[in-house]
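Listed here are the chains, written in short residue letters.
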Amino acid sequence: MNPYSKTPLPLSQEVLSQLPNPSYVLDMDLLDRNLQKLRQFADNTGVELILALKGFAMWGAFGRLRDYGFCQSTASSLWEARLALEEMGNPSYTYAVAYTPEEIEEIASLSSHLTFNSIGQFERFATIAKGVNSRLSLGLRVNPEISSVGVDLYNPCVPGSRLGVRLCDLPSPKELPAMIEGFHCHALCESDADASCNLIERFEEKFAAYLPRLRWVNFGGGHLITRQGHDTQKLIAKIKAFKQKWQHLQVIFEPGAAFVWQTGYLLARVEDVVRNGGLPVAVMNVSFTAHMPDCLEQPYYPMVYGAEHIMPDQASGAEKFRCRLGGNSCLAGDFMGDWLFEKPVQAGDLLLFNDMIHYTFVKTTTFNGVHHPSLCMVRGKEVVYRRDFGYEDFKSRLS
């Protein structure tokens, strides 16, 4: 059951009247809540917590992260590395699945750490990268061949994965190239403390022979430290035990979702209700495929204030009004589930989707030329930031 089905809207009418529709809305008070928890976690463990730009890149909020001492970020591409330096204020911890000859020198110049996905990429580009930036710390992504991720689309360790080097494919510890100073190990996705602890154990079990000669280890993202019910103390104890044994190693986490977990919304509006002999479909001014792609790809059902998701074969009861939510693109499958409302849905009704800040607007498209939601930040009753998108943003991508 959706816990938000009977919860009043978290945004006042005063704030809603100031917001463009549609828009992604970051609540700065909720962000502060997460940043306080992450700051305590980092201070208690000595872990370097860095923001994964692939999960959240609203650089208008980066100043608030810096207020809490979070000044580092991880980039997965040249453009993210540029953003990290320009808006976070520091070179990035960079990892990409594949670097190219055209970009490697600029990426190296923008980075403090550069991790390679394969031995082949390391052999091809390591010397070039160090030639550009002698202070660069080079790393290699390893595959621990373990994961608690149930959806293959998000499982970095799925059999046959292209991500990272397996133990059986690594050179021996004595033959590992001297320039490799760290191992990067990413295997989680929105995972709990048990999964994080298991990853640390499995990593140590597999790669212990290499650790004496390394300077750092990056346990990647997916550590959902800010989720309610997360057993933070258990993870803190595991990290402290690991660091006590390997005192020379810097330990790095790079969560994408944990920084902004449940800190904001997607505000949408119903534009039409279509009835073609079956369930009424509310057509919104946003699109699942363009603006909430994970809902279709994973898939998962989002939380909607004032509505409860129901399976197609479930009875809804006469006192509820059943409706399907549909997007505004022409993709036939741009719809998501059956929902129960307290009253019939009509054109003009506002809909508020919860937890729509991480891995949402960073993945959006302008497919069909649909209007891209604005980016907004609110604090209390005030809209403190707004970025709108227009026709020129759409057109500039096409030629």
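Before any of the text, the structure's been laid out above.
Computed from a predicted model, the values in this text were never measured in an experiment.

1. Section: the pairing of strand E6 (residues 111-116)
Counting buried positions over the six residues of E6 gives six, a clear majority of the element. The pairing of strand E5 (residues 92-95) with E6 spans four bridges and is parallel. The residue of E6 that forms the bridge with Tyr95 is Thr115. A crossover links E5 with its parallel partner E6, the connecting element being helix H5 (residues 104-110), and its sense is right-handed.

2. Here's the deal with unusual backbone geometry
Between Asn21 and the following residue, Pro22, the backbone shows a cis peptide bond with an omega angle of 10°. Checked against the element boundaries, Pro22 lands in the loop between helix H1 (13-16) and strand E1 (23-27). Following Gln298, the chain continues to Pro299 via a peptide bond in cis, the omega torsion being -15°. With respect to the helices, strands and loops of the structure, Pro299 is situated in the loop between helix H10 (293-297) and strand E14 (303-304). Here the phi dihedral of Glu190 falls at roughly 50°; this positive angle occurs in a residue that is not glycine. Of note, Glu190 is situated in the loop between strand E9 (180-184) and helix H7 (193-207). Classification of Glu190 by relative accessible area gives partly exposed; the value is 32%. The phi dihedral of Asn368 falls on the positive side, at around 70°, and the residue is not glycine. Within the secondary structure, Asn368 is located in the loop between strand E18 (350-354) and strand E19 (374-379).

3. Observations regarding the nonpolar core
Counting 105 residues, the largest nonpolar core has Phe56, Phe183, Phe203, Phe242, Phe253, Leu325 and Phe353 as the members making the most contacts within it. Beyond its immediate chain neighbours, meaning those up to four positions away, Phe183 contacts Leu140, Val142, Leu170, Leu176, Phe203, Phe207, Tyr210, Leu214, Trp216, Val217 and Asn218. Within the second largest apolar cluster, 12 residues are counted, among which are Leu19, Leu267, Cys376 and Val383.

4. A short note on the side chain of Ser191
Within the element layout of this structure, Ser191 appears in the loop between E9 and H7. Look at Ser191 and you get buried, because its relative accessible area is 4%. Leaving out residues up to four positions away in the same chain, Ser191 has contacts with Ser148, Gly222, His223, Leu224, Arg227 and His230.

5. Re the layout of surface pockets
The volume enclosed by the second largest pocket comes to roughly 350 Å³. Together, 17 residues line the second largest pocket, and Tyr305, Gly306, Phe341, Leu350 and Leu351 are the ones closest to its centre. Ranked by the residues each element gives to the lining of the second largest pocket, the list is headed by E18, at three residues. Counted by class, the lining of the second largest pocket contains 10 nonpolar, three polar and four charged residues.

6. Details of the pattern of salt bridges
According to the stated counting rule, one finds 20 salt bridges in the structure shown. Its salt-bridge partner being Asp43, residue Arg39 comes within 3.1 Å of it at the nearest N-O pair. Of the two residues, Arg39 and Asp43 are both situated in helix H2 (residues 28-45); the distance of four residues between them amounts to about one turn of the helix. Here Asp393 ties to Arg387 by a salt bridge, and the two come within 3.7 Å at their closest N and O atoms. Its relative accessible area of 33% is what places Arg387 among the partly exposed residues. Through salt bridges with shared partners, a single network forms among Asp29, Asp32, Arg64, Asp67 and Arg379.

7. Let's talk about the packing of aromatic side chains
Overall, the coordinates contain 15 aromatic pairs when judged by the stated rule. Ring geometry for Phe56 versus Phe361: centroids 6.1 Å apart, planes at 75°, classification edge-to-face. Of this pair, Phe56 sits in the loop between strand E3 (51-52) and helix H3 (62-67) while Phe361 sits in the loop between E18 and E19, placing them 305 residues apart in sequence. The class of Phe56 is buried, set by a relative accessible area of 0%. With 5.2 Å between their ring centres and 80° between their planes, Phe203 and Phe219 make a pair best called edge-to-face.

8. Re the packing of H7 against helix H8 (residues 232-245)
One way to put it is that H7 packs onto H8 with a least axis distance of 9 Å and a crossing angle of 15°. Here H7 lies roughly parallel to H8, going by the angle between them. When the axes of H7 and H8 are compared, the crossing they make is left-handed. Contact residues: Ala193, Asp194, Ser196, Cys197, Ile200, Glu201, Phe203 and Glu204 in H7; Lys234, Leu235, Lys238, Ile239, Phe242 and Lys245 in H8. Split by residue class, the contact of H7 with H8 holds seven nonpolar, one polar and six charged.

Rules used in this analysis
- Residues numbered from 1 in each chain as written.
- Predicted model: local features only at pLDDT ≥ 70, side-chain atom pairs only at ≥ 80, totals over all residues.
- Heavy atoms only, no water.
- Buried < 20%, exposed > 50% of the residue type's maximum accessible area, 1.4 Å probe, protein only.
- Helix = DSSP H or I, 4+ residues; strand = E, 2+ residues; numbered from the N terminus.
- Pairing = 2+ DSSP bridges.
- Right-handed = clockwise from strand over helix to strand, strands pointing away.
- Core = buried A, V, L, I, M, F, W, Y, C linked by side-chain atoms within 4.5 Å.
- Contact = heavy atoms within 4.5 Å.
- 1 Å grid on protein atoms, 1.4 Å probe; cavity = no way out; pocket = protein on both sides within 12 Å on 5 of 7 lines; lining within 4 Å.
- Points joined across faces, edges and corners; volume = space filled by probe spheres on them.
- Nonpolar A, V, L, I, M, F, W, Y, C, P; charged D, E, K, R; others polar.
- Salt bridge = Lys/Arg side-chain N within 4 Å of Asp/Glu carboxyl O.
- Phe/Tyr/Trp six-rings, centres within 6.5 Å; stacked < 30°, edge-to-face > 60°.
- Axes fitted to C-alpha atoms, helices over the stretch in contact; angles between N-to-C directions.
- Parallel < 35°, antiparallel > 145°, perpendicular 65-115°, else oblique.
- Left-handed = near helix turned anticlockwise from the far one by under 90°.

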